[in-house]
Amino acid sequence: MACDKANPFENMKKQVDVVGKKLGLEPGVTEVMKNPKRELTVNFPVRMDDGSVRIFTGYRVQHNESRGPFKGGIRYHQQVDIDEVRALAAWMTWKTAVVDVPYGGAKGGIIANPKTMSVGEIERMTRRYATEISIIIGPEKDIPAPDVNTGGREMAWIMDTISMAKGFAVPGVVTGKPREIGGSLGRPEATSRGLVFAVREAAKKTGLDLKGATVAIQGYGNVGSFAHKLIERDFGSKVIAVTDSKGGIINENGLKYDEVIAHKKKTGSVVGFPGTKPVTNEEVLELEVDVLLPCALENVLTGENAGRVKAKMSGEGANGPNTLEADEILHKNGVLVLPDILANAGGVTVSYFEWVQNLYNYAWTEDEVNARLDQKITKAFHEVWDMAEKHKVNMREAAYMLAVDRVAKATQIRGFYP
Ligand code: GLU
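Quick notes on the rules
- Residues numbered from 1 in each chain as written.
- Predicted model: local features only at pLDDT ≥ 70, side-chain atom pairs only at ≥ 80, totals over all residues.
- Heavy atoms only, no water.
- Phe/Tyr/Trp six-rings, centres within 6.5 Å; stacked < 30°, edge-to-face > 60°.
- Helix = DSSP H or I, 4+ residues; strand = E, 2+ residues; numbered from the N terminus.
- Buried < 20%, exposed > 50% of the residue type's maximum accessible area, 1.4 Å probe, protein only.
- Lys NZ or Arg CZ within 6 Å of the ring centre and 35° of its normal.
- Pairing = 2+ DSSP bridges.
- Axes fitted to C-alpha atoms, helices over the stretch in contact; angles between N-to-C directions.
- Core = buried A, V, L, I, M, F, W, Y, C linked by side-chain atoms within 4.5 Å.
- Near = heavy atom within 4 Å.
- Polar contact = N/O pair within 3.5 Å; in protein donor to acceptor, adjacent residues only side chain to side chain.
- Areas by Shrake-Rupley, 256 points an atom, 1.4 Å probe, with all protein chains shown as cover.
- Nonpolar A, V, L, I, M, F, W, Y, C, P; charged D, E, K, R; others polar.
- Expected span 1.5 Å × (residues − 1).

Visitor: What am I meant to see in the packing of aromatic side chains here?
Guide: What describes a pair of aromatic rings is the distance from one ring centre to the other and the angle between the planes of the rings. Taken as a whole and judged by the stated rule, the model has 10 aromatic pairs. Considering the side-chain rings of tyrosine 103 and tryptophan 355, the 5.0 Å spacing of their centres and the 55° angle between planes classify their relative orientation as tilted. Of this pair, tyrosine 103 sits in the loop between α3 (82-98) and β4 (105-111) while tryptophan 355 sits in helix α11 (residues 346-359), and the two are 252 residues apart along the sequence. In this structure tyrosine 103 comes out as buried when scored by relative accessible area, which is 1%. Summarising the aromatic geometry, the rings of phenylalanine 353 and tryptophan 364 are spaced 5.1 Å apart at their centres and angled 45° between planes, so their arrangement reads as tilted. On the criterion of sequence distance, the pair formed by phenylalanine 353 in helix α11 and tryptophan 364 in the loop between α11 and α12 (366-391) is long-range, its members being 11 residues apart. Tryptophan 364 carries the same exposure label as phenylalanine 353, and that label is buried. If you follow arginine 372 out to its NZ or CZ, it ends over the ring of tryptophan 364, 4.4 Å from the centre.

Visitor: I tried to follow the sheet that holds strand β5 (residues 142-146) on my own but got confused; where do I start?
Guide: In sheet architecture, strand pairing relies on hydrogen bonds along the backbone and comes in two forms, parallel and antiparallel. In space, the five strands of this open sheet follow the order β1-β2-β4-β3-β5, with mixed pairing throughout. Whereas interior strands pair on both sides, the edge strands pair on one side only; in this sheet they are β1 (38-47) and β5. Geometrically, the sheet is characterised by an average inter-axis angle of 20° between neighbouring strands, direction not taken into account. One ladder, built from 10 bridges, connects β1 with strand β2 (residues 53-64); its direction is antiparallel. When the bridges of β2 are listed, valine 42 appears paired with glycine 58.

Visitor: Can you walk me through the nonpolar core in this structure?
Guide: Grouped burial of nonpolar side chains is what soluble globular proteins tend to show. Formed by 83 residues in total, the largest nonpolar core has its most connected members in Trp94 and Leu338. Per element, the largest residue contribution to this core is 10 residues, and it comes from helix α13 (residues 395-414). Among the nonpolar cores identified, the runner-up in size contains 26 residues, and Ile74, Met117, Met155 and Trp157 belong to it.

Visitor: Mind showing me how you'd approach the sheet that holds strand β12 (residues 336-338) here?
Guide: Reading across from one edge, β9-β8-β7-β6-β10-β11-β12 is the order of the seven strands in this open sheet, with mixed pairing throughout. Every interior strand has two partners, whereas the edge strands, β9 (277-279) and β12, have only one. Averaged over all adjacent pairs, the angle separating strand axes in this sheet is 20°, with direction ignored. For strand β7 (residues 238-244) and strand β8 (residues 247-250), the ladder comprises four bridges, and the chain directions are antiparallel. When the sheet's bridge partners are listed, alanine 241 is paired in β8 with isoleucine 250.

Visitor: Hey, could you run me through the site of the ligand in this one?
Guide: In the vicinity of the ligand lie 14 residues, with Lys71, Lys95, Pro146, Asp147 and Ser351 positioned nearest. Interatomic distance of 3.0 Å between a side-chain N/O atom of lysine 107 and an oxygen atom of the ligand. At 2.5 Å from an oxygen atom of the ligand is found a side-chain nitrogen or oxygen belonging to serine 351. Summarising the interface, the protein chains cover 95% of the accessible area of the ligand, which totals 300 Å² for the free molecule. Those elements that provide at least two residues to the shell around the ligand are β3 (70-77), α3, β5 and α11. For the shell around the ligand, the residue count by class is four nonpolar, five polar and five charged.

Visitor: Which parts of the structure should I look at to understand α13?
Guide: Because each turn of an α-helix spans 3.6 residues, side chains separated by three or four positions in sequence point in the same direction. When the terminal C-alpha atoms of α13 are compared, their 29 Å separation across 20 residues agrees well with the 28 Å that a helix rising 1.5 Å per residue should span. The buried fraction of α13 amounts to 15 of the 20 residues, a majority that puts the element mostly inside the structure. One or two positions beyond α13, positive phi appears at glycine 415, with a value near 85°.

Visitor: Is there a simple way to explain unusual backbone geometry in this structure?
Guide: Proline 418 follows tyrosine 417 through a cis peptide bond whose omega is 5°. Tracing the chain through its elements places proline 418 in the segment after α13. In this model, asparagine 149 sits at a positive phi of 65°, which is unusual for a non-glycine residue. Here asparagine 149 shows up in the loop between β5 and α5 (152-166).

This is the structure:
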C-alpha cells in the first residue's frame with residue numbers, strides 16, 4: 001500500500017494548531033489538545049509454535065479524557081509505530097467529540113503481522129499484551145476495540161484475560177465483542193454503516209444520485225467489505241473496483257458483494273475473482289468514479305497522487321488516508337472529502353452503544369442500534385457541514401473545529417489540577 005513518509009502525529013498537531021488559532025484558544029490549551037496524556041510501551045515474550053520465544057512490542061496511548069473514559073481500537077500491523085499510535089489516539093478524541101459520545105481518545109497497537117502467525121500464536125500474543133496493558137484499561141478507564149487486523153475474536157480473548165484476573169466477567173472492558181459475550185448487534189457493520197450514512201447525506205447536499213453511482217473501494221477488511229455490501233444493498237450503487245493488501249480487481253459492469261466476499265473467504269483475497277481485470281492499490285484511488293472509499297491505511301493520498309483523483313467525493317473509512325498536501329489539492333479540485341473523524345465514527349458510536357448495554361445489562365435490538373447510529377451520524381454530518389459553510393473551510397477543518405472546541409471547553413470547565 002502506498003504510504004509516504006508523512007508523519008501522521010506531526011500532521012495531526014499541525015491541524016490542531018491551525019484550528020486552535022481559528023477558535024482563539026489560549027496557546028497552552030492548544031498544547032494540551034495536541035499531546036497525549038499517557039503512553040505505555042510494552043515489550044513482552046510470546047512462545048511461538050516452533051518452541052522459540054519471540055519478543056513483541058506493543059503500545060497503548062491515551063490521548064485525552066476530558067469528556068469521558070479513553071476509547072479506541074487496537075491494531076496488529078508490521079508498520080505500527082509510536083507516532084502512528086499517537087495520531088490514531090488523538091483522532092479518537094476528535095472522533096468521539098464529533099459524534100458527541102462521552103469518551104476521550106486512545107489507541108493501541110502491536111508491531112506484528114498476524115497474517116504470518118498461527119491462531120495459537122495470535123491468541124498468546126493477544127492475552128499477554130492484554131495483561132501488560134491491564135494496568136491502564138478497564139470499563140471506567142479505557143475501553144479498547146477492534147482496529148486493523150483485529151476483531152471479535154481478539155476482543156473475546158482480551159475480555160476473558162481481564163475477567164480471569166478479576167475473578168468475574170467484565171464485558172465492559174472492550175467493545176466489538178461477539179454477541180454471545182455482550183457484543184452489540186450491528187457492531188460488525190457499524191463503521192461501514194456510518195460511512196454510508198455520511199455518503200448519503202453528502203450525496204443529498206451535492207445532488208448526487210447514489211442509485212447507479214459508481215464506487216471504488218481501497219481495502220477489503222471489515223470496513224471496506226461491509227461498505228460494499230451496504231452501499232450496494234441500501235442505495236443500489238455500483239461498486240466497480242475493490243482492493244486488498246494483495247492487489248485488486250475491476251469490472252466496469254459492477255462487482256457483486258456476495259460473490260466477491262465468497263471469493264475472498266475461499267482464497268484469502270479479492271485477487272483473481274473471475275471476470276475481472278487486476279487493479280493496483282494505487283490505481284484504485286485514481287479511477288473515474290463518483291465515490292471513492294479509502295478503507296485501508298494512512299497516507300495513501302499524498303501531494304504526489306491527489307491531483308489525479310477523479311472521484312466527486314472521498315469517504316474516509318480509514319483513519320488518516322490523506323496527507324495535509326492531499327487535502328489541499330482535493331479541496332482545490334472540488335473533491336468533497338468526508339473526513340475520517342466524521343465518516344468512520346460509526347464504529348466507535350456503536351461501541352459506545354455496546355458499552356452502555358453492558359453497563360446496564362440490557363441488549364437493544366438491531367433496528368434500535370441502527371436507528372440511533374443514523375441519528376448520531378446524520379446530526380454530526382450536518383453540524384460539520386454547517387461549520388464548513390459558516391467558516392468557509394473544508395469538511396476536515398470544520399470537523400476539527402467542532403471537535404477541538406468541544407474538548408477544549410471540557411478541559412477548561414474541569415480546570416487545571418491542582
Ligand atoms: N478502531 C475503530 C476506530 O478507529 C473503532 C474504535 C472503537 O470502537 O473504540 O474508530
